[in-house]
Amino acid sequence: MSNIVDPLVGRIAARIRAEREKRGWTLARLAEASGVSRAMINRIERGESSPTAVVLGKLSAAFQLSVASLLALAEGTAPGAAEEAGVRRRTEASEWQDPATGYRRRQITGAHFPVEVAEIRLPAGARVPYPAAAFAFVHQVVWVLDGRLTFQDGAEIHELGPGDTLELGDPAPRVFANTTGAECRYAVILTRGTRP
């Protein structure tokens, strides 16, 4: 793992703990709401275990946040992080890597920008499922930049190639899959909707 990834894991741990504490939830309450074991949440919060994309999906759904929002909040807490508009160098951007699949995510926009844009690199053969609740209160577009993406939206399956976009509708269980032998690179563009 590169030195770019390690500090982000600690910030993700701090963000998950902060979101739980902000709600006044115990570890048991978050475990019940997310379906992630109390022991795993405890290890993640202490920075002893890096969460997988699937676990992040379950935790973010429990918080009624998208995975992108949860990671953007964590990335925005970096010491000395740029809070102003302007140039963000590639070398300054944090990159998170899923320890289970090798999926890599880099936040393109800053924490205070009104639209969240992230670049995703999905390795050959990787499959990342998310529960429907991870997509609540968000409007999202997936834009394939390179490679091929098999995207399952509920019962519907979409085969997407370079330049293809998919605007997501109502929340549904979703799977991002790369069934090819080459990496797939895509962007996720997200805005938050109104909570009921």
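Residues numbered from 1 in each chain as written. Predicted model: local features only at pLDDT ≥ 70, side-chain atom pairs only at ≥ 80, totals over all residues. Heavy atoms only, no water.

1. Describing the sheet that holds strand β5 (residues 138-146)
Spatial ordering of the open sheet is given by β1-β2-β3-β10-β5-β8, a layout of six strands whose pairing is antiparallel. Bordering the open sheet on either side are β1 (95-97) and β8 (165-167), each of which pairs with just one other strand. Averaged over all adjacent pairs, the angle separating strand axes in this sheet is 20°, with direction ignored. Relative to strand β2 (residues 104-107), β1 runs antiparallel, the two sharing three bridges. Bridged to Trp96 within β2 is Arg105. (Pairing = 2+ DSSP bridges. Helix = DSSP H or I, 4+ residues; strand = E, 2+ residues; numbered from the N terminus. Axes fitted to C-alpha atoms, helices over the stretch in contact; angles between N-to-C directions.)

2. Looking at the packing of helix α2 (residues 27-34) against helix α4 (residues 53-62)
Two elements in contact, α2 and α4, have axes whose closest approach is 8 Å; the angle formed by their N-to-C orientations is 105°. Between α2 and α4, the angle is such that the two are roughly perpendicular. Contacts from Leu30, Ala33 and Ser34 of α2 reach α4 at Lys58, Leu59 and Ala62. Of the residues belonging to the contact of α2 with α4, the class tally is four nonpolar, one polar and one charged. (Parallel < 35°, antiparallel > 145°, perpendicular 65-115°, else oblique. Contact = heavy atoms within 4.5 Å. Nonpolar A, V, L, I, M, F, W, Y, C, P; charged D, E, K, R; others polar.)

3. As for empty space enclosed by the protein
Applying the stated criterion across every chain, the model contains two cavities of 30 Å³ or more. Taken as a whole, the largest cavity encloses approximately 170 Å³ of empty space. Looking at the largest cavity, it is lined by 14 residues, and the ones nearest its centre are Val67, Ala68, Tyr130, Gln140 and Val188. Elements that contribute at least two residues to the lining of the largest cavity include exactly α5 (67-75) and β10 (184-192). Examining the composition of the lining of the largest cavity, we find that three residues originate from one element, β10, more than from any other. Of the residues that constitute the lining of the largest cavity, the class distribution is eleven nonpolar, two polar and one charged. In this structure, the second largest cavity spans a volume of roughly 30 Å³. In this structure, the second largest cavity is lined by Phe135, Val138, His139, Gln140, Leu168, Gly169 and Arg174. (1 Å grid on protein atoms, 1.4 Å probe; cavity = no way out; pocket = protein on both sides within 12 Å on 5 of 7 lines; lining within 4 Å. Points joined across faces, edges and corners; volume = space filled by probe spheres on them.)

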